[in-house]
There are 2 protein chains.
Amino acid sequence: MARSAYEELESRYEVLSRLSSMAALLRWDSAIFMPPGATVDRSDDLVALETIRHHLGSNQEHACLLAEAESRSEQLNSWQRANLKEMRRLWMHDSAVDPELARAIVKLSGKLVADWKQARKDNNFLVFLPGMEIMVTLQREIAEAKADYLGVTPYEALMDAYEPGARCSQIDVLFDELAAYLPDLLNRVAERNSGCAGNTPVRGPFDISSQIKFCTQLVREIGYDFDRGRLDQSDQAFTLVGLRDDVRIAVRFCEDDFSCSITAAIHETGHAIYELGRPARWYHQPVGRSRGGSIHESQALMYAMIAGRSREFISYLAPLVIEAFGGAGPAWELPNIARSFLQVKPSLIRVNADEISYPLHVILRYRLEQALLNGDLSVCDLPGAWNDGMVELLGVAPDSDAQGCLQDVHWSRGLFGYFPVYALGALTAAQLYQAACASSPDIQLKLSCGDFSPLTSWVRKNIHKQVSRYDTNELIARASGNPLGTEALKTHLKQRYLHETVFGIGEK
Amino acid sequence: MARSAYEELESRYEVLSRLSSMAALLRWDSAIFMPPGATVDRSDDLVALETIRHHLGSNQEHACLLAEAESRSEQLNSWQRANLKEMRRLWMHDSAVDPELARAIVKLSGKLVADWKQARKDNNFLVFLPGMEIMVTLQREIAEAKADYLGVTPYEALMDAYEPGARCSQIDVLFDELAAYLPDLLNRVAERNSGCAGNTPVRGPFDISSQIKFCTQLVREIGYDFDRGRLDQSDQAFTLVGLRDDVRIAVRFCEDDFSCSITAAIHETGHAIYELGRPARWYHQPVGRSRGGSIHESQALMYAMIAGRSREFISYLAPLVIEAFGGAGPAWELPNIARSFLQVKPSLIRVNADEISYPLHVILRYRLEQALLNGDLSVCDLPGAWNDGMVELLGVAPDSDAQGCLQDVHWSRGLFGYFPVYALGALTAAQLYQAACASSPDIQLKLSCGDFSPLTSWVRKNIHKQVSRYDTNELIARASGNPLGTEALKTHLKQRYLHETVFGIGEK
């Protein structure tokens, strides 16, 4: 019997998925093991892969198959219908864009990442400027081409690739609420903590191989499966996404600080456990992909921040840290180590920010990239606008671009419209965690012996196994009972940083 | 102006080349860093990649372009004509084979390699038998399909994929001469050395990380470029081939022996320097690929065996080894260490064999795989036939299949018709080295201070930069002045093992 159009599409999308997986592995390898001389040829490999993927994913035959399958969609079950819907979405993203343009962006990003590294190293924005100007122009072209196709604004069209269905009308409301609330909360927390027991900094160096060993053991206990993954050292923390049984995490280790690497390792573990929980049957199908950036980020933040900095987990973690890295003196007493994970202080670098500051870093980028794209801000004015925004939102200003607008790799890699997912993820994490704890009181209790498994069971069932079966809004509402809002995050932050008294914090 | 058919083909072959490069990187990753749980999905990735490569490399449009380019070949220069000839050869290999069959072999080989590992570990041939029977059947189908197309015998059709233009009539003559000469030479060397100073075995363990450090330093001095490569630990030594500026070598290290890993590291360095010397302009074109298995192997054997075991290089290497690994006692005296690299003794394992025994191991496999394919030998009788052949050619018999017919991965990976290149490589290495030394007396002299650069200059010009511009026979004749024969190897072996007196060997 001949295959139906839908079946043919499933078989084609599996191939497309595997091509994307290979590109992901090539990028992972570039970050971890590739020798420096291979940069140019590797970038050409990625262009070739993108050319093939684009060619296979947006040709005419493909369009006919989609139309035919849609005309008979009543014969499909609910997973298949959701799959077909996602196929159409991917097809729109691919076919909206001239393949030459898609290739140009892949090619430019190879070079721009190198420029960015150099610029950041030398603290010289001018090294980054010319390539970034071209990148903004190309992104604008992509945004406009997709906007027509998807019937949304250009910026929404870019976001849609990372956060399907994202609309500024919804995000603006959420972000405005946060921008109105968080700076004030920062002040109230600072006020409350003045006079409380402070944090005495511990002194390194902390041997990198001991940190790797510690994080390896910790994430294994949290539930990361080393039979289907590995942990490596890298310049930037990330999770290799796209290989079904091979979800590798990479962490940046610094000799003078163990807490960043621990937080990063748990964060990437949250991402990885989501990926490892995607159903095998649908793994290489569009519906089997993770739902989008904000849900993905929510899993990472829930593990690293909401659960990972709960007093229950900190009381488990701090003694282990002391055992592994501990020295003499008051800095190494238990309350001080515990407090080191709970510091709140506006600072310059997003990836090291505390839970309260973090969304403000994101809101800054959300505003700036919209201004860059719609022409309200030119690239040469970016450093100044960045610094002004930092002062407005966080009350601190970087004294160098390396610590300012050159800190993130995203724009160099062509990721415009990506940043909002980080703050949406924080909102989602708080809301899902609240629902999870309400349905399973075990979750918090078990964290005090380092056991994440009740939490993992809940998210696996309510989030991971659902992958892209529902829209993001529907997925959140089904899992938590409510549409996404800011209340859960506000409640969580108030509770942890204003009301709880723990490890000497908040005790006068 | 529209692109010519030839130009269009160049652009398509670049993409095909890059797909093959990615498959090579996936295989490298599988061997070095992939977590164990990913085996099945990785094998499916490779099947998908092969499907796409096959589809792009053998479709009808492609056939038309080839025909059109050939009809206007008088407009092409000599490199382009050679390129077109190689395109046609690749096209014949691809289009001769039903894509289902090609996929089936890729798929089976993933499983059979796992079976083979298990069988070798448990010394249980029965674990390997059922998969190997299917593999032989599939290889027979491929061989017959290609034989019709190429107008050669089925076995020659398989060899042609690894050793373009290989004919049994030529190989049989060369191998019969070796099979007649080498066993007798082994006896004469044994007779001469009886009564000479022997080799006192050194005792390990030798720390693996010290061995890695030593080999890294050594291959860097020999000329391996770590800016375009890296050295890793692996179960089997191999070189990652196909990434222009990223030619990684992998070496097996054992705690109780440093000499195997040193030899393997130099061997892979020979392969890598060939790869790194391929001209960038033609790198991703068929004419820019290495000429074939025997030339490739000749470079590795020339570095590791012919130059690497010369008295000049050994007198440089032995003191370094003593400095790095040395202990007390007579075993660690210079002549003894030097002699350890020059032992000649028939043994069971091909990859550890001395220069005289090595071709005999290969001749055995050449005979057996022909017998398997033409049905003269059934897979269940392979262990017995292997052991009989070992006795006949080398005078030793394995007491286990793990040390016998299960020692090589090749058949599991679907590499039938590959083995002959090893012995052809030995012949080629000797003949090229003889010519190189005749034209540049510096080559041998400089080896005594560890300097391979005069040798590298000669092979770079005469072999590496020529890539696939000429047939193998023509390439060898141009470089050495003669068609490939056995005289140079015989002369080399006689000279080194019967006439030279060095480090106490041959001195009564």
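Here the structure is a predicted model, which is why all the values come from computation and not from measurement. (Residues numbered from 1 in each chain as written. Chains lettered and ligands numbered in written order. Predicted model: local features only at pLDDT ≥ 70, side-chain atom pairs only at ≥ 80, totals over all residues. Heavy atoms only, no water.)

Let us now look at the overall build of chain A. Broken down by element type, chain A carries 20 helices and 3 strands. Relative to a compact globule of 508 residues, whose C-alpha radius of gyration would be 23 Å, chain A shows 23 Å and is just as compact. For chain A, the C-alpha atoms occupy an extent of roughly 75 × 50 × 45 Å along the three principal directions. Taken over 508 residues, chain A has a buried fraction of 61%. When contacts within chain A are restricted to residue pairs at least 6 apart in sequence, those whose partners lie at least 24 apart make up 74%. Just so you have it, chain A exposes about 19800 Å², and 51% of that area is on carbon and sulfur atoms. Side chains of chain A carry 52 positive and 65 negative charges; the gap between the two charge centres is 4 Å. (Helix = DSSP H or I, 4+ residues; strand = E, 2+ residues; numbered from the N terminus. Rg over C-alpha atoms; globule rule 2.2 N^0.38 Å. Buried < 20%, exposed > 50% of the residue type's maximum accessible area, 1.4 Å probe, protein only. Contact = heavy atoms within 4.5 Å. Areas by Shrake-Rupley, 256 points an atom, 1.4 Å probe, with all protein chains shown as cover. Lys, Arg positive; Asp, Glu negative; His and termini not counted. Charge placed at Lys NZ, Arg CZ, Asp CG, Glu CD.)

Turning next to the sheet that holds strand β3 (residues 249-251) of chain B. Residue and element names in this part refer to chain B. Spatially, 3 strands are ordered β1-β3-β2 in an open sheet, and the strand pairing comes out mixed. Each of the sheet's edge strands pairs with one partner strand only, and the pair in question is β1 (231-233) and β2 (238-239). Bridge count between β1 and β3: 3 bridges; the pairing is parallel. Looking at the pairing, Q233 lines up with V251 of β3. Lying on the sheet, helix α9 (residues 208-222) is in contact with β1 and β3; it crosses β1 at an angle near 155°. (Pairing = 2+ DSSP bridges. Axes fitted to C-alpha atoms, helices over the stretch in contact; angles between N-to-C directions.)

Moving on, we get to the domain arrangement of chain A. Reports often express the size of an interface as the amount of accessible area lost when the parts come together. All names here are of chain A. Domains assigned within chain A are domain 1 (5-163) and domain 2 (169-499). Look at where the C-alpha atoms of domain 1 and domain 2 centre, and you get two points 26 Å apart. Of the residues lining the interface, 47 residues belong to domain 1; the matching set on domain 2 comes to 63 residues. Contact between domain 1 and domain 2 buries roughly 4700 Å² in total, counting both sides, with carbon and sulfur atoms accounting for 63%. For the domain 1 face of the interface with domain 2, the top three residues by lost area are W79, Y155 and Y162, together amounting to 18%. At the surface where domain 1 touches domain 2, the tally comes to 3 salt bridges. Across the pair R291 and E86 runs a salt bridge whose closest N-O atoms are separated by 3.1 Å. (Domains from an automatic or database assignment. Buried area = accessible area lost by both parts, 1.4 Å probe. Salt bridge = Lys/Arg side-chain N within 4 Å of Asp/Glu carboxyl O.)

Turning to the interface of chain B and chain A, a few remarks are in order. The partner chain A presents 34 residues to the 34 residues of chain B that form the contact. Counting each side, the surface lost to burial between chain B and chain A is near 2900 Å², with a carbon and sulfur contribution of 60%. Contact with chain A buries area across many residues of chain B, yet R18, M22 and D41 of chain B alone supply 20% of it, more than any other trio. Between the two partners, chain B and chain A, sit 12 salt bridges. Between R244 of chain A and D41 of chain B there is a salt bridge, with its nearest N and O atoms 3.8 Å apart. When residues of the side of chain B that touches chain A are assigned to their parent elements, the largest contribution, 9 residues, is made by helix α2 (residues 39-57) of chain B. For the side of chain B that touches chain A, the class distribution of residues is 18 nonpolar, 3 polar and 13 charged. (Nonpolar A, V, L, I, M, F, W, Y, C, P; charged D, E, K, R; others polar.)

This part covers the sheet that holds strand β1 (residues 231-233) of chain A. Residue and element names in this part refer to chain A. With mixed pairing, the 3 strands of this open sheet are ordered in space as β1-β3-β2. Only two strands of the sheet have a single partner each, and these edge strands are β1 and β2 (238-239). In the packing of helix α10 (residues 259-276) onto the sheet, the strands contacted are β2 and β3 (249-251), and the crossing angle to β3 comes to about 165°.

Scanning the model with the defined rule gives 47 aromatic pairs over all chains in all. Through successive ring pairs, a cluster of aromatic residues spans Y162, Y358, W386, W411, F416, Y418, F419 and Y422 of chain A. The positively charged end of R278 of chain A is found above the aromatic ring belonging to Y283 of chain A, 3.8 Å away from the centroid. One cation-aromatic arrangement involves R478 of chain B over Y470 of chain B; the distance from NZ or CZ to the ring centre is 4.0 Å. (Phe/Tyr/Trp six-rings, centres within 6.5 Å; stacked < 30°, edge-to-face > 60°. Lys NZ or Arg CZ within 6 Å of the ring centre and 35° of its normal.)

Here helix α16 (residues 420-439) of chain A contains 20 residues, and its C-alpha end-to-end distance of 29 Å stays within 8% of the 28 Å for a straight helix at 1.5 Å per residue. With 17 of 20 residues buried, α16 of chain A is to be regarded as a mostly interior element. (Expected span 1.5 Å × (residues − 1).)

Another aspect to go through is a negative patch on the surface. Residues and elements named next belong to chain A. Taken together, the side chains of D98, E141, E144 and D148 present a region of like negative charge at the surface. For E141, the location among the structural elements is in helix α6 (residues 125-150). Classification of E141 as partly exposed rests on a relative accessible area of 40%. (Patch = residues over 30% accessible without salt bridge, like charges linked within 9 Å, V, L, I, M, F, W, Y side chains within 5 Å.)

Turning next to empty space enclosed by the protein. Residue and element names in this part refer to chain A. Taken as a whole and assessed by the stated rule, the structure comprises 9 cavities of 30 Å³ or more. There is about 100 Å³ of room inside the largest cavity. Lining the largest cavity are L301, M305, I306, A353, D354, E355, Y358, P359, A426, A429 and L489. For the lining of the largest cavity, the secondary structure elements donating two or more residues are α11 (293-307), α14 (358-374) and α16. The element contributing the most residues to the lining of the largest cavity is α11, with 3 residues. (1 Å grid on protein atoms, 1.4 Å probe; cavity = no way out; pocket = protein on both sides within 12 Å on 5 of 7 lines; lining within 4 Å. Points joined across faces, edges and corners; volume = space filled by probe spheres on them.)

Turning our attention to the side chain of D401 of chain A. Residue and element names in this part refer to chain A. Note that D401 resides in the loop between α15 (382-394) and α16. Summary of buried charges: D401 has no salt-bridge partner, and the nearest side chain of opposite charge, R365, is 12 Å away. In contact with D401, other than residues within four places in its own chain, are N123, F125, P383, L406 and Q407.

Residue and element names in this part refer to chain A. Between helix α1 (residues 5-32) and helix α3 (residues 60-71), whose axes approach to 9 Å, the crossing angle comes to 135°. By the angle between their axes, α1 is oblique relative to α3. Crossing hand, α1 versus α3: left-handed. Together, A5, Y6, E8, L9, R12, Y13 and L16 of α1 and E61, H62, L65, L66, E68 and A69 of α3 make up the contact between the two elements. Considered class by class, the residues forming the contact of α1 with α3 number 8 nonpolar, 1 polar and 4 charged. (Parallel < 35°, antiparallel > 145°, perpendicular 65-115°, else oblique. Left-handed = near helix turned anticlockwise from the far one by under 90°.)

On inspection of all chains with the given rule, the structure shows 74 salt bridges over all chains. We note a salt bridge from E275 of chain A to R278 of chain A, for which the minimum N-O separation is 2.5 Å. The same class applies to E275 of chain A and to R278 of chain A, which are both buried. Two residues, R53 of chain B and D94 of chain B, come together in a salt bridge whose shortest N-O distance is 3.0 Å. Here R53 of chain B, found in helix α2, pairs with D94 of chain B, found in helix α4 (residues 78-96); they are 41 residues apart in sequence, far enough to count as distant. The class of R53 of chain B is buried, set by a relative accessible area of 17%. Salt bridges here are not isolated pairs; linked through shared partners, they connect E14, R18, R228, R244 and D245 of chain A together with D41, D44, D45 and K107 of chain B.

To continue, consider the relation of the copies chain B and chain A. Between chain B and chain A, which share one sequence, the superposing operator has a rotation angle of 180° and an axial displacement of 0.0 Å; the RMSD is 0.0 Å. Here the symmetry operator amounts to a two-fold rotation axis. By C-alpha distance to the rotation axis, the residue of chain B lying nearest is M22 of chain B, at 3.9 Å. Looking at chain B, 100% of its interface residues are interface residues in chain A too, so the copies touch through the same face. (Least-squares fit on C-alpha atoms with pLDDT ≥ 70 in both.)

Right, let's talk about α11 of chain A for a bit. Residue and element names in this part refer to chain A. The end-to-end C-alpha separation of α11 is 20 Å, in line with the 21 Å expected for 15 residues at 1.5 Å each. Most pronounced at L301, the bend in α11 amounts to some 40°. With 15 of its 15 residues buried, α11 lies for the most part within the structure. (Bend = angle between axes of the 7 residues up to and from the residue.)

Moving on, we come to unusual backbone geometry. In the segment running from G204 of chain A into P205 of chain A, the intervening peptide bond is cis, with an omega of 0°. A positive phi angle is found at V467 of chain A, which is not glycine, with a value near 35°. Within the element layout of this structure, V467 of chain A appears in the loop between α18 (453-462) and α19 (472-480). Accessibility expressed as a relative area gives 0% for V467 of chain A, which makes it buried. Residue N123 of chain B is not a glycine yet carries a positive backbone phi of 50°. By the secondary structure assignment, N123 of chain B is in the loop between α5 (99-122) and α6 (125-150). Taking the relative accessible area as the measure of exposure, N123 of chain B reaches 37% and is therefore partly exposed.

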